[in-house]
Amino acid sequence: MGVFNPRRAFKKLEALGVTMPQRIDVTIFWTEGSMSFHSMYRTEIEDMIINYYFDQALLFTFVDVEIIKEWLWDTYCREPEKIVVDSIKY
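**Observations regarding the nonpolar core**
Formed by 15 residues in total, the largest nonpolar core has its most connected members in Val26, Met40, Met48, Ile68 and Leu72. Not counting chain neighbours up to four residues away, the residues in contact with Ile68 comprise Val26, Met40, Met48, Val63, Ile83 and Val85.

Shown next, in the form of structure tokens:
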């Protein structure tokens, strides 16, 4: 991947003892009144942090719900009305 590998930041975090979530389960409420469930796994979480939240990747302790909402909006090409984080698995 060249000289700058953004995934190295996550390797450094693991070396420091910071645990990245393995899975985040969310409930998505759409504007039409319907709802869906989505599970974000580790690679998807890392991609989200790199693409939307990279300025804080080395200080990872949480991801704001608005960042998850933006990620899901871009993933499904629909605007979610509300996002509820159901569980975080480490």
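**Regarding a nonpolar patch on the surface**
There is a patch of nonpolar side chains on the surface, built from Val65, Val85, Ile88 and Tyr90 and spanning about 360 Å² of accessible area. Mapped onto the fold, Val85 is located in strand β3 (residues 80-89).

**Comments concerning the pattern of salt bridges**
What the rule picks out here adds up to 3 salt bridges. Between Arg23 and Asp25 there is a salt bridge, with the nearest N and O atoms lying 3.0 Å from each other. A relative accessible area of 25% places Arg23 in the partly exposed class. Two residues, Arg42 and Glu46, come together in a salt bridge whose shortest N-O distance is 3.1 Å. Note that Arg42 and Glu46 are positioned in helix α2 (residues 42-52) at a spacing of 4 residues, about one turn of the helix. For Arg42, a relative accessible area of 19% puts it in the buried group.

**Notes on the sheet that holds β3**
In space, the 3 strands of this open sheet follow the order β2-β1-β3, with antiparallel pairing throughout. Looking at which strands have only one partner, the edges of the open sheet turn out to be β2 (35-41) and β3. Averaged over neighbouring strand pairs, the angle between their axes works out to 20° when direction is ignored. Where α2 meets the sheet, its contacts fall on β1 (23-30) and β2, and the angle it forms with β2 comes to roughly 90°. Helix α3 (residues 65-76) contacts β1, β2 and β3 of the sheet and is inclined by roughly 110° relative to β3.

**Comments concerning the packing of aromatic side chains**
Taken as a whole and assessed by the stated rule, the structure comprises 1 aromatic pair. Note on Trp30 and Tyr76: the rings are 5.7 Å apart at their centroids and 80° apart in plane angle, and the pair reads as edge-to-face. Here Tyr76 lies in helix α3 and Trp30 lies in strand β1, a separation of 46 residues in the sequence. Residue classification places Tyr76 among the partly exposed residues on the basis of a relative accessible area of 35%. The ring of Trp30 carries the charged tip of Arg78 above its face, separated from the ring centre by 4.0 Å.

Reading guide: rules and limits
- Residues numbered from 1 in each chain as written.
- Predicted model: local features only at pLDDT ≥ 70, side-chain atom pairs only at ≥ 80, totals over all residues.
- Heavy atoms only, no water.
- Core = buried A, V, L, I, M, F, W, Y, C linked by side-chain atoms within 4.5 Å.
- Buried < 20%, exposed > 50% of the residue type's maximum accessible area, 1.4 Å probe, protein only.
- Contact = heavy atoms within 4.5 Å.
- Patch = residues over 30% accessible without salt bridge, like charges linked within 9 Å, V, L, I, M, F, W, Y side chains within 5 Å.
- Areas by Shrake-Rupley, 256 points an atom, 1.4 Å probe, with all protein chains shown as cover.
- Salt bridge = Lys/Arg side-chain N within 4 Å of Asp/Glu carboxyl O.
- Helix = DSSP H or I, 4+ residues; strand = E, 2+ residues; numbered from the N terminus.
- Pairing = 2+ DSSP bridges.
- Axes fitted to C-alpha atoms, helices over the stretch in contact; angles between N-to-C directions.
- Phe/Tyr/Trp six-rings, centres within 6.5 Å; stacked < 30°, edge-to-face > 60°.
- Lys NZ or Arg CZ within 6 Å of the ring centre and 35° of its normal.

Remember that the coordinates give geometry; whether it matters functionally is a separate question.
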